[in-house]
Amino acid sequence: MTSPARASAEDPTAADPTADESTADALAKAPADTPTGAPPRGLSPAVAWLLSVACGLAVANVYYSQPLLDLIARDYGIAPATIGLVGTLTQTGYALGLLLLVPLGDHVNRRTLITSQLGLSVLALLAVALAPSAPLLLLAMAAVGVLAVVAQVVVAYSAQLAAPGDQGRVVGTVTSGIVVGILLARTVAGTIGDLAGWRAVYVVSAVATAAMALAVAAAVPSERHRAAERIGYPRLVGSVFTLFAQERVLRVRAVLALLGFTSVTVLLTPMVLPLAAPPFDLSHTQIGLFGLAGAAGALGAGYAGRQADRGRAERTAGIGLLAMLVGWLPAALLPHSVWWLVLAMVVIDYGLQSLHVANQHLLYQVRPEAQSRLTAGYMLLYSAGCGAGAILSTVVYDHGGWTAVCLLGAATSLTALGYWWTAARR
């Protein structure tokens, strides 16, 4: 017999646009199983926004270094060819954190896990700010990346705390914080770096993160003891991969994340090259402002969450994928005007965030006792997509220019849309 949670996870009404609305509403309001010892379901808007800010602060720590690399290289005498290790180690640490820390959310008290990771992040950020040598700096940057995955623990826990029928809105709100954190990280880091030096960026972040840890400890409800089966840590981590074999929803959503984030990274990674070259000759500061166009992604996250609560998550994912495909048309017109690129970024990022929130909503309808591990598996393929997009786009640009990049991005988006259509029909 199929449980209500598993039935809603596949969102069957969304695959058929003519599905009866009352059925969709019933699916949206169907209560998911709550693990023994979970806190009462329900999360106020104020607490949801607090968690959103916590996610934004955590993820921003991964991206602060990008506009500061020249200052860091000068301070430590690091060659320009190797300063990229700062970003590489931070992203590598983030991937390790997804696998090694996020699954703990299914095993320990999640509020304690969140506040502990935030507290350790404070120490890692201060270690970056005070690092006396390049090796210690790189080690501290890797630690910052590992601990930044607290954002994914927060998203999974917020979904668990949400009341039935309100999960999509809550996940959309919290996810919007991640979008804004990524967008504003470079701007904040560049401004503080110009005013007070690059080390001040990490001191300010450490203070903000410490304040957030105290706020979360005071405002977010804690779980009671969960009487679930105790799982050894190696088995807990290994079960992330086991879930791929057991849960079709995870396989489908993770593949869509892989393709979706590959497409977006194909757009974002090489765009600095045509913008910095004639006829535009934009400065790095001017190019950085293009990231603000992605603020529409936060709106996409909120809208997708509300649609998911109405039983339209699958449909919302399809619309997001279609928007991402259409967005490559104005992107290809960049040689005629930079405003075409602005439009492309708004449309593509809106579509991506709609897809991302819809994916998470559907994922959280299955296996409530394994939400953190489901998140870890999903985000691992998300990270793989980002890495693949960065590598492929730079190689393609070198051989075929911006037009070839747009063809690659459109082909990836079309593949994602086709995969979604096939999966939804099944």
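Up top is the structure.
Residues numbered from 1 in each chain as written. Predicted model: local features only at pLDDT ≥ 70, side-chain atom pairs only at ≥ 80, totals over all residues. Heavy atoms only, no water.

**Q** Can you help me understand unusual backbone geometry in this one?
**A** Note on backbone geometry: most residues besides glycine have negative phi, and most peptide bonds are trans. In the segment running from proline 278 into proline 279, the intervening peptide bond is cis, with an omega of 10 degrees. Within the element layout of this structure, proline 279 appears in the loop between α13 (272–276) and α14 (284–288). Backbone geometry at aspartate 281 places phi at a positive 50 degrees, although glycine is not the residue there. For aspartate 281, the position within the fold is in the loop between α13 and α14. Positive phi outside glycine occurs at arginine 367, with the angle close to 45 degrees. For arginine 367, the position within the fold is in the loop between α18 (338–363) and α19 (371–425). With relative accessibility at 24%, the residue arginine 367 sits in the partly exposed group. (Helix = DSSP H or I, 4+ residues; strand = E, 2+ residues; numbered from the N terminus. Buried < 20%, exposed > 50% of the residue type's maximum accessible area, 1.4 Å probe, protein only.)

**Q** What's the story with the environment of threonine 175 in this structure? I'm lost.
**A** Within the secondary structure layout, threonine 175 lies in helix α9 (residues 167–196). In this structure the C-alpha to C-alpha distance between threonine 175 and glutamine 353, which are 178 residues apart in sequence, comes to 8.5 Å. Those residues within four positions of threonine 175 in sequence are excluded, and the remaining contacts are Val155, Gln353, His356, Val357 and Gln360. (Contact = heavy atoms within 4.5 Å.)

**Q** Explain the environment of glycine 318 here, please?
**A** By the secondary structure assignment, glycine 318 is in helix α16 (residues 313–326). C-alpha separation for the pair glycine 318 and serine 354, spaced 36 residues apart in sequence, amounts to 8.9 Å. What glycine 318 contacts, discounting residues up to four positions off in sequence, is Leu417 and Trp420.

**Q** I tried to follow the pattern of salt bridges on my own but got confused; where do I start?
**A** Once the charged atoms of two side chains with opposite charge are near each other, the side chains can pair. Enumeration according to the criterion identifies six salt bridges in this entry. A salt bridge links arginine 373 to aspartate 106, with the shortest nitrogen-to-oxygen separation between them at 2.8 Å. Of the two residues, arginine 373 sits in helix α19 while aspartate 106 sits in the loop between α5 (85–100) and α6 (110–130), which places them 267 residues apart along the sequence. A residue is classified by how much of its surface remains accessible, and aspartate 106, at 11% relative accessible area, is buried. Between arginine 253 and glutamate 314 there is a salt bridge, with its nearest N and O atoms 2.7 Å apart. Placement of the pair is arginine 253 in helix α12 (residues 248–268) and glutamate 314 in helix α16, with a sequence separation of 61 residues. Judged on exposure class, the residue arginine 253 and its partner glutamate 314 are both buried. Shared partners join several salt bridges into a network, and the residues in it are Glu247, Arg367 and Glu369. (Salt bridge = Lys/Arg side-chain N within 4 Å of Asp/Glu carboxyl O.)

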